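In case you want the letters, here they are:
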Amino acid sequence: MSTTRRPRDGLLARVNFPLYAVDMLTSRHVLVAGGGGSSKSGVANGFEIYEIFHNGQHFCAQEMVRHETGANVVMNFAIRNEGRRALLCAGQESHCQMYIVNPRVLSDDGKEEISISGEDKANKGNHDFRAHENGLRNRRNFTSGVEDLPNGHNINATRDKQPLPTVPPDQNSNLKRHLKFDIKAGDSVQSDFLSTEPLQRVVRISPNGHIMVTGGTDGHLRVWSFPQMLLEADIEAHTKEVDDIDISPDSKYIITIAKDGLGLVWDIKSSKRHYELNWDMPEGTKYLYKRCRYGTVEAQRDHYRLFCIANPLGKVGKQRGYLQQWDCATGKLRIAVGIDESLSSLAVRDDGRFIATGTMCSGSVSIYIAFSLQRVLHVPNAHAMFVTGLQFLPVTNEEGPPISSDTEAAVLSISVDNKVCIHSLQQRRKHYSSLGGYYIDCNGVICSIYVMFLLRTLSY
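Residues numbered from 1 in each chain as written. Predicted model: local features only at pLDDT ≥ 70, side-chain atom pairs only at ≥ 80, totals over all residues. Heavy atoms only, no water.

**Looking at the pattern of salt bridges**
A complete count under the given rule lists 17 salt bridges for this structure. Arg222 serves as the salt-bridge partner of Asp234, at 3.3 Å between the closest nitrogen and oxygen. Residue Asp234 is found in strand E17 (residues 231-235), and its partner Arg222 is found in strand E16 (residues 221-225); the two are separated by 12 residues along the sequence. Residues Glu276 and Arg273 are paired through a salt bridge, measuring 3.6 Å at the closest nitrogen-oxygen approach. Residue classification places Arg273 among the partly exposed residues on the basis of a relative accessible area of 46%. Taken together, the shared-partner salt bridges connect Arg201, Glu241, Asp243 and Lys259 into one network. (Salt bridge = Lys/Arg side-chain N within 4 Å of Asp/Glu carboxyl O. Helix = DSSP H or I, 4+ residues; strand = E, 2+ residues; numbered from the N terminus. Buried < 20%, exposed > 50% of the residue type's maximum accessible area, 1.4 Å probe, protein only.)

This is the structure:
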């Protein structure tokens, strides 16, 4: 049964620019991006990295790094962790810009304790993070209008009670230690070639880390080697701009959806079309796919599902959108759930158990059980405007232990209202069975067995 409520969590942080993209940098660090564009509005463009932790009562966020990108707004990005560093590929106008993200451990006096990446030895000792030439800033010495709001609680009091969980303890000093991230620009490639106002709309990196794919306003699907960023395939996939792309968990297939109304699945090895998504649209209304995501089947890592959201063509607002689950083997629609509002965003948790959606008009967020599309949490008016991005806190992340909390699932949401929010599904009395894919009320089962046993005993 769905729960509709204003949860005890909510606002994590407020940034001074509109937000368009969100993803987990590590198992405990979230990266958000956006900006005001190249206009002279005074609105910044760039990234923010926050550490997320749970203090025993609610989720909190502490800002780690702010990195500004000049006149280039960041509308989309993809992250790949490679050992002790991360590679961040960001869409900036018609180009895809790579950034190298190196984590560092600093003490309270600003001196570097540990260079986790082992790079930039020549710069060791120069740790004034107030204004690095690459745009890296420390929040303590930089006032940009960003407001740290751990659910309305005092950030300094929270820091005293809860040390950063990902920073190793300092056994030889009373100084507190903080994890920071050094972001440096790397290679850049042009990824969209529309004759007028080219724009990269989406970028993804394959789960095996071998390829990067991009899509934009010219309708092409481009496949790049990664991390070399060399073009391997240029496919004229769509006649209109690409809205979203995703890569299957086994790194064999790519799905593309676009404003021409098509949802196409491509074979990566052959660069050929594998199949097209088709469904009987209700009431003769034309629908367009908005977002697409693959998700693994829990306890079956070699199996996966495909999820899409679709909205009626030319109708935005309180119109009936659809959340869909597709059979990846046949391309047939398995389940479709109608939602009394147009949808804007979609996310699947890393274990494939939950999915989340965000809406266009009311800025609401919902969490669903992936196998059945049963809604288990609805947060109305989570944002003042449409939800631009969603990301679950991971539970199977290989880059570090997940955040410990008393929740069953938690999803981050962002919007052009400049807010980073979190919405959690509290632990329920029902438990999940991975064998049959059903939720079972254990107390009810135990009581039923006991009653049957009692009746059987009395009959004798």
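**Describing the packing of aromatic side chains**
Applying the stated criterion across every chain yields a total of 7 aromatic pairs. Here Phe47 and Phe77 contribute two aromatic rings whose centre-to-centre distance is 6.4 Å and whose plane-to-plane angle is 75 degrees, an arrangement assigned as edge-to-face. A residue pair is termed long-range when its members are at least 10 positions apart, and Phe47 in strand E5 (residues 45-54) and Phe77 in strand E7 (residues 76-82) qualify at 30 residues. A ring pair is formed by Tyr294 and Tyr304, whose centres lie 5.6 Å apart and whose planes are at 85 degrees; its orientation type is edge-to-face. You can see Tyr294 sitting in strand E22 (residues 287-297) and its partner Tyr304 sitting in strand E23 (residues 300-312), a full 10 residues away along the chain. An identical accessibility class is assigned to Tyr294 and Tyr304; each is buried. (Phe/Tyr/Trp six-rings, centres within 6.5 Å; stacked < 30°, edge-to-face > 60°.)

**Thoughts on the sheet that holds strand E20 (residues 263-267)**
The 4 strands lie next to each other as E18-E19-E20-E21, forming an open sheet whose pairing is antiparallel. At either end of the open sheet lies a strand with only one pairing partner, and these are strand E18 (242-247) and strand E21 (272-276). On average, adjacent strands in this sheet sit at an angle of 25 degrees to one another, irrespective of strand direction. In terms of strand pairing, E18 meets strand E19 (residues 253-258) through 5 bridges, oriented antiparallel. In the sheet register, Asp246 faces E19, and the bridge partner there is Ile255. (Pairing = 2+ DSSP bridges. Axes fitted to C-alpha atoms, helices over the stretch in contact; angles between N-to-C directions.)

**Re the nonpolar core**
Counting 21 residues, the largest nonpolar core has Ile52 and Leu393 as its most contacted members. Of all elements in the fold, only strand E2 (11-14), strand E3 (19-24), strand E4 (29-35), E5, strand E6 (59-68), strand E31 (407-415) and strand E32 (419-426) reach the threshold of two or more residues within this core. Formed by 20 residues, the second largest nonpolar core is a distinct cluster that contains Ala33, Phe47, Phe77 and Ala90. (Core = buried A, V, L, I, M, F, W, Y, C linked by side-chain atoms within 4.5 Å.)

**As for unusual backbone geometry**
A cis geometry characterises the amide bond from Phe226 onward to Pro227, with omega recorded as 10 degrees. Here Pro227 is to be found in the loop between E16 and E17. Residues other than glycine seldom take positive phi values, yet Ser271 does so here, at roughly 60 degrees. We classify Ser271 as partly exposed; its relative accessible area is 26%.

**Things to note about the pairing of E19**
Along any regular strand, the residues point their side chains to alternate faces of the sheet. In terms of residue burial, E19 counts as a mostly covered element, since 5 of its 6 residues are buried. Remark: 5 residues form the turn of the hairpin made by E18 and E19, two consecutive strands paired antiparallel; Ser251 in that turn has positive phi of roughly 60 degrees. Here E19 pairs with E20 via 5 bridges, running antiparallel. The residue bridging Ile255 from the neighbouring strand is Val265, located in E20. Where E19 folds back on E20, the antiparallel hairpin that results is connected by 4 residues, among which Gly261 adopts a positive phi of roughly 90 degrees.

**Some remarks on the sheet that holds E17**
With respect to topology, 4 strands assemble into an open sheet ordered E14-E15-E16-E17, the strand pairing being antiparallel. Where the open sheet ends on each side, the last strands, each with one partner, are strand E14 (200-205) and E17. Averaged over all neighbouring strand pairs, the angle between strand axes comes to 15 degrees, with direction disregarded.

**Re the UniProt feature "repeat: WD" (unreviewed entry) in the protein chain**
Per the UniProt record, "repeat: WD" (unreviewed entry) is annotated on residues 203-225 and 235-276. Across residues 203-225, the secondary structure splits into 0% helix and 61% strand, with the terminal C-alpha atoms separated by 13 Å. (UniProt positions renumbered as here; feature names shortened; annotations may be inferred.)

**Remarks on the side chain of Thr69**
Secondary-structure assignment places Thr69 in the loop between E6 and E7. Within polar-contact distance, the side chain of Thr69 engages the backbone oxygen of Asn72 at 2.6 Å. Setting aside its immediate chain neighbours within four residues, Thr69 contacts Asn45, Gly46, Phe47, Val74, Gln92 and Tyr99. (Polar contact = N/O pair within 3.5 Å; in protein donor to acceptor, adjacent residues only side chain to side chain. Contact = heavy atoms within 4.5 Å.)

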